[in-house]
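As a plain string of letters, each chain reads:
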Amino acid sequence: MDGFNKRQAEFNASPEERRAAASNASGKEFQGVEESSAPAKKKRSRAANGVRTFLFGLTAAAVVTAAAVLPANAAEAQIVDLGATDTVISYTVDVKEMSGPLKLVLYNDFSRREAELFAGENSGKFADLQPDMRYTVAIESGTAFGGIALEKREVSTLSPEEVPVTELVSVSHECTCDVDGLFHFEMEFTDENGWWSAFEATLTDADGNVARCIFTEDAHEAQTIDVVGNDLVGNTAEFSISCLSTKNAEGGVWVVLFKETVKI
């Protein structure tokens, strides 16, 4: 009965009263939707936060795993010197401390060479390289995942035009013993590498007597050997020119540049 009376009252109400009642009803419905939807939004936000937390956890785990796999590098080594010719790169490496295998690597896009390193000073060379080619030289500490570079340097082999020349070009000689008792000679040579020093020239007769040259300050100048004053006998002698060369030895070794039987 109350419902019938309520509906009857709504029917008998004026148009203005019915519009006000409808407006109030819409507002309540709208408020109801807002109140029921708010918890859903909070639920979605919590779900999104959960995904972000999960992803962050995976990232942190990956970082920790990587840090655990990569070993701490306690090696201490330094490239002291690099030298290059057209086909050879020489090196000096000082290893002060090593906690595992160390190697010196030379590489480019076309080749790779390796040399094992030990504690202390390491000297050596990589030979049979290509002229006018750029290479990387690196000190690497060996691990299960490949080398970790401690130091890198770039170096290029020389082109044929850039290679320093050290060579004896020619030797001219003449004995004027009947005039001044001397044997005269002159060398034409090039030593762009600075390998040659302490030149020595001798004349040795058939009896084994030896006469030596006292070189002037400039070995390119004309030099003499006293034949008469050293009592050389006979008409011929063995003429020899030698020098100290550091080409293949740091302290230098004696090498014979020229040897010929000459008239005296």
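Quick look at the pattern of salt bridges
Moving on, step 1. One pass over the structure, following the stated rule, counts five salt bridges.
Moving on, step 2. Between Arg112 and Glu114 there is a salt bridge; the shortest N-O distance is 3.1 Å.
Moving on, step 3. Residue classification places Arg112 among the partly exposed positions, given a relative accessible area of 44%.
Moving on, step 4. The partner of Arg153 in a salt bridge is Glu151, and the shortest N-O contact between them spans 3.3 Å.
Moving on, step 5. A residue is classified by how much of its surface remains accessible, and Arg153, at 31% relative accessible area, is partly exposed.
Moving on, step 6. Connected via shared salt-bridge partners are Lys103, Arg112, Glu114 and Glu140.

Side note on the sheet that holds strand 4 (residues 112-117)
Moving on, step 1. Read from one edge of the open sheet, four strands run 4-3-6-7, paired in antiparallel fashion. Each of the sheet's edge strands pairs with one partner strand only, and the pair in question is strand 4 and strand 7 (148-156). Ignoring strand direction, the axes of neighbouring strands in this sheet form an average angle of 20°.

A few points about the nonpolar core
Moving on, step 1. With 24 residues, the main nonpolar core has Phe185, Met187, Phe199, Leu203, Ile225 and Phe239 as its most contacted residues.
Moving on, step 2. Those elements that provide at least two residues to this core are strand 9 (182-191), strand 10 (196-204), strand 13 (236-245) and strand 14 (253-263).
Moving on, step 3. The residues contacting Phe185, other than those within four sequence positions of it, are Ser172, His173, Ala201, Cys213, Phe215, Ala222, Gln223, Thr224, Ile225, Phe239 and Ile241.
Moving on, step 4. Judged by nonpolar contacts, the second largest core, of 18 residues, contains Ala75, Ile79, Val93 and Val155.

Calculation rules
- Residues numbered from 1 in each chain as written.
- Predicted model: local features only at pLDDT ≥ 70, side-chain atom pairs only at ≥ 80, totals over all residues.
- Heavy atoms only, no water.
- Salt bridge = Lys/Arg side-chain N within 4 Å of Asp/Glu carboxyl O.
- Buried < 20%, exposed > 50% of the residue type's maximum accessible area, 1.4 Å probe, protein only.
- Pairing = 2+ DSSP bridges.
- Helix = DSSP H or I, 4+ residues; strand = E, 2+ residues; numbered from the N terminus.
- Axes fitted to C-alpha atoms, helices over the stretch in contact; angles between N-to-C directions.
- Core = buried A, V, L, I, M, F, W, Y, C linked by side-chain atoms within 4.5 Å.
- Contact = heavy atoms within 4.5 Å.

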